[in-house]
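# Structural overview
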Amino acid sequence: MKILIVSATSAEIEPVIKWLDPPSRPHEQPFQYKYREYTVDVLITGVGMVATAYHLGRYFGQNIPDLAINAGIAGSYDPSVTLGSVLNIFEDGVDDFGASEREGFKTVFELGLADPDLLPYSNGKLQNIEQLPLTLTSTSIFGNLIRNRGLTTNTIKENLSAQDVLRKANEAGVESMEGAAFFYACISAHVPAIQLRAVSNYVGERDKSKWAMALAIKNLNQTLKNLMVEIYQ
């Protein structure tokens, strides 16, 4: 079995990288590790949708893994979500993908510029639909993760209007800078995918003393390790 782990930065998954067997290609992407008999490719894409789309398109042109896992941190729109929580993102989309008109924001689908049901989209969203490994059942650790929707943006904003926060919160629970690109590539290539996001902060809060980055990374990596064990079983 071949597993692909995708992360924007190496810092977000460093504990897992150290936990895996040493790479056979330590200086060339994708970095190739082992977990028992499994091959584990690690792709560090860099931050943002453009970099993620490029590296995944290049990778899928040469490799089709049995499972792709995107692991990273995220900001939550919901203040009731505990910082450090690890979420299973089952749906994603691109923020501000459309036009801001006098009447309000319209998506590219509402503008008639794209078909909301043309692969990889379904009803204008990137919905994770490929069959996952059978070990990841509803009773597994993975199955018990909180399911949530993601929204992907190129700009993390500090001062959001109440209307903007409401619009975003109605669309998603958390915000990242890569999730939609990851799902777009995986759905298009028919690769089973998992997106894990650990909540490090609340959207709009730029005082990093109030963030829980270390806790989010710790919990993210422990969940990723547990997931690898479950898949192997």
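What comes next is a walk through the structure. (Residues numbered from 1 in each chain as written. Predicted model: local features only at pLDDT ≥ 70, side-chain atom pairs only at ≥ 80, totals over all residues. Heavy atoms only, no water.)

In this section: the packing of helix H2 (residues 49-60) against helix H4 (residues 179-189). Relative orientation of the contacting elements H2 and H4 amounts to 25°, with a least axis distance of 8 Å. It follows that H2 is roughly parallel to H4 by the angle criterion. Relative to H4, H2 is oriented so that their crossing is right-handed. Only Ala-181, Phe-182, Ala-185, Cys-186 and Ala-189 of H4 make contact with H2, whose side of the interface consists of Met-49, Thr-52, Ala-53, Leu-56 and Phe-60. Among the residues forming the contact of H2 with H4, the class breakdown is nine nonpolar, one polar and no charged. (Axes fitted to C-alpha atoms, helices over the stretch in contact; angles between N-to-C directions. Helix = DSSP H or I, 4+ residues; strand = E, 2+ residues; numbered from the N terminus. Parallel < 35°, antiparallel > 145°, perpendicular 65-115°, else oblique. Left-handed = near helix turned anticlockwise from the far one by under 90°. Contact = heavy atoms within 4.5 Å. Nonpolar A, V, L, I, M, F, W, Y, C, P; charged D, E, K, R; others polar.)

Turning to its location among the elements, Thr-223 is positioned in helix H5 (residues 213-232). Sequence-distant contacts of Thr-223, defined by excluding residues within four places in its chain, comprise Val-86, Leu-145 and Leu-196.

So, about the packing of aromatic side chains. Overall, the coordinates contain seven aromatic pairs when judged by the stated rule. Judged by centre distance (5.8 Å) and plane angle (85°), the rings of Tyr-35 and Tyr-232 are edge-to-face. Here Tyr-232 lies in helix H5 and Tyr-35 lies in strand E2 (residues 31-35), a separation of 197 residues in the sequence. Judged by relative accessible area, Tyr-35 falls into the buried class, the value being 9%. With relative accessibility at 26%, the residue Tyr-232 sits in the partly exposed group. Aromatic pair Tyr-59 and Phe-60: ring centres 5.8 Å apart, planes at 65°, arrangement edge-to-face. Side by side, Tyr-59 and Phe-60 carry an identical accessibility label, which is buried. Every member of this aromatic cluster is reached through a ring pair, and the members are Trp-19, Tyr-35, Tyr-38 and Tyr-232. Over the face of the ring belonging to Phe-90 we find Arg-147, whose NZ or CZ atom lies 4.2 Å from the ring centre. Over the ring of Trp-211 we find Lys-208; its NZ or CZ atom is 5.3 Å from the centre of that ring. (Phe/Tyr/Trp six-rings, centres within 6.5 Å; stacked < 30°, edge-to-face > 60°. Buried < 20%, exposed > 50% of the residue type's maximum accessible area, 1.4 Å probe, protein only. Lys NZ or Arg CZ within 6 Å of the ring centre and 35° of its normal.)

Nothing here speaks to function; it is geometry throughout.
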